[in-house]
Amino acid sequence: MKKGLSLRERAIAHLAQREHSRAELARKLAHHADDRDEIPPLLDELVRRKLLSDDRYAEARANALGRKFGATRIAWELRAKGVGNAAIAQATREVRATELSRAREAWAKRFGRAPRGAAERAKQIRFLQGRGFSFDAIRRVIGGTDEE
């Protein structure tokens, strides 16, 4: 980013690259602010003008992460970026509906066959848990249950 840009210009430049949560953008702007008190009014203006939206950020991030991760991991990532619980619940609603099929895809890509023993089973379970899939989805994938 160029030197000498105003906070507003920096904020708009960040938002032009991708969606940001309010907390994330505030953190990025804090490095360039002479007075940190000027950041909240700027963010309020961006929200009013619909340039900044935690709901939109949560939705975009959930869609991007949804290809590889489960709803638990996505919710954790959104919380870490300062997104509120209501926006997280809304963004992960669709992800939760497809959790079993996405867990199967991740499992098949990594392992592709049923575990042959307790150690291999534990390894597969840990892999899916690390991706943030629910225990119910993991049980169905590892156990080979086809019910949704």
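Look up: the structure comes first, before these words.
Described below are features of the structure shown in this document. (Residues numbered from 1 in each chain as written. Predicted model: local features only at pLDDT ≥ 70, side-chain atom pairs only at ≥ 80, totals over all residues. Heavy atoms only, no water.)

Looking at the packing of helix α7 (residues 99-110) against helix α9 (residues 135-143)
- Closest axis-to-axis distance for the α7/α9 pair is 9 Å, and the angle between their directions is 50°. Here α9 runs oblique to α7, going by the angle between their axes. As for the relative orientation of α7 and α9, their crossing is right-handed in sense. Contacts from Glu99, Leu100, Ala103, Arg104 and Trp107 of α7 reach α9 at Ala137, Arg140, Val141 and Ile142. (Axes fitted to C-alpha atoms, helices over the stretch in contact; angles between N-to-C directions. Helix = DSSP H or I, 4+ residues; strand = E, 2+ residues; numbered from the N terminus. Parallel < 35°, antiparallel > 145°, perpendicular 65-115°, else oblique. Left-handed = near helix turned anticlockwise from the far one by under 90°. Contact = heavy atoms within 4.5 Å.)

Structural notes on a negative patch on the surface
- A surface patch of like charges, here negative, comprises Asp34, Asp35, Asp37 and Glu38.
- The residue Glu38 is located in the loop between α2 (22-30) and α3 (39-48) in this model.
- Residue class for Glu38 comes out partly exposed when judged on its relative accessible area of 37%. (Patch = residues over 30% accessible without salt bridge, like charges linked within 9 Å, V, L, I, M, F, W, Y side chains within 5 Å. Areas by Shrake-Rupley, 256 points an atom, 1.4 Å probe, with all protein chains shown as cover. Salt bridge = Lys/Arg side-chain N within 4 Å of Asp/Glu carboxyl O. Lys, Arg positive; Asp, Glu negative; His and termini not counted. Charge placed at Lys NZ, Arg CZ, Asp CG, Glu CD. Buried < 20%, exposed > 50% of the residue type's maximum accessible area, 1.4 Å probe, protein only.)

Points about the pattern of salt bridges
- Taken as a whole, this structure holds 11 salt bridges when the rule is applied.
- Arg139 is the salt-bridge partner of Asp136, the closest N and O atoms lying 2.3 Å from each other. One end of the pair is Asp136 and the other is Arg139, both in helix α9 and 3 residues apart, which spans about a single turn.
- In this structure, Arg140 engages Asp136 in a salt bridge whose closest nitrogen and oxygen atoms are separated by 3.7 Å. Of the two residues, Arg140 and Asp136 are both situated in helix α9; the distance of 4 residues between them amounts to about one turn of the helix.

Considering the environment of Phe69
- With respect to the secondary-structure elements, Phe69 resides in the loop between α4 (54-65) and α5 (71-80).
- Residues Phe69 and Gly132, 63 residues apart in the sequence, show an inter-C-alpha distance of 5.8 Å.
- Apart from residues lying up to four places away in sequence, Phe69 is in contact with Ile74, Arg102, Arg131 and Phe133.

Details of the nonpolar core
- Counting residues in each nonpolar core, the largest one holds 14 residues, and the members touching the most others are Ala58, Ile74, Leu78 and Val83.
- Once residues within four sequence positions are removed from consideration, Ile74 is found in contact with Ala62, Leu65, Gly66, Phe69, Thr92 and Val95. (Core = buried A, V, L, I, M, F, W, Y, C linked by side-chain atoms within 4.5 Å.)

Section: the packing of α4 against helix α6 (residues 85-97)
- Orientation of α4 relative to α6, taken along the N-to-C sense of each, is 30°, at an axis distance of 9 Å. Classed by the angle they form, the pair α4 and α6 counts as roughly parallel. Relative to α6, the crossing made by α4 is right-handed. Within the contact between the two elements, α4 uses Asp54, Asp55, Ala58, Glu59 and Ala62 and α6 uses Ala87, Gln90, Ala91 and Val95.
- Among the residues making up the contact of α4 with α6, the classes are represented as 5 nonpolar, 1 polar and 3 charged. (Nonpolar A, V, L, I, M, F, W, Y, C, P; charged D, E, K, R; others polar.)

So, the packing of aromatic side chains
- Applying the stated rule across the entire model yields 1 aromatic pair.
- Taking the ring centre of Phe69 as reference, the NZ or CZ of Arg73 above it sits at 4.2 Å. (Phe/Tyr/Trp six-rings, centres within 6.5 Å; stacked < 30°, edge-to-face > 60°. Lys NZ or Arg CZ within 6 Å of the ring centre and 35° of its normal.)

What to know about α4
- Under the 1.5 Å per step criterion, the end-to-end length of α4 is 16 Å for 12 residues, consistent within 8% with the ideal 16 Å.
- Looking at the buried residues of α4, the elements they touch are α2, α5 and α6.
- Where α4 starts, the residue carrying a side-chain oxygen 3.4 Å from the main-chain nitrogen of Asp55 turns out to be Ser53. (Expected span 1.5 Å × (residues − 1). Polar contact = N/O pair within 3.5 Å; in protein donor to acceptor, adjacent residues only side chain to side chain.)

Observations concerning unusual backbone geometry
- Phi at Lys50 is positive, roughly 60°, even though this residue is not glycine.
- As for its placement among the helices and strands, Lys50 is situated in the loop between α3 and α4.

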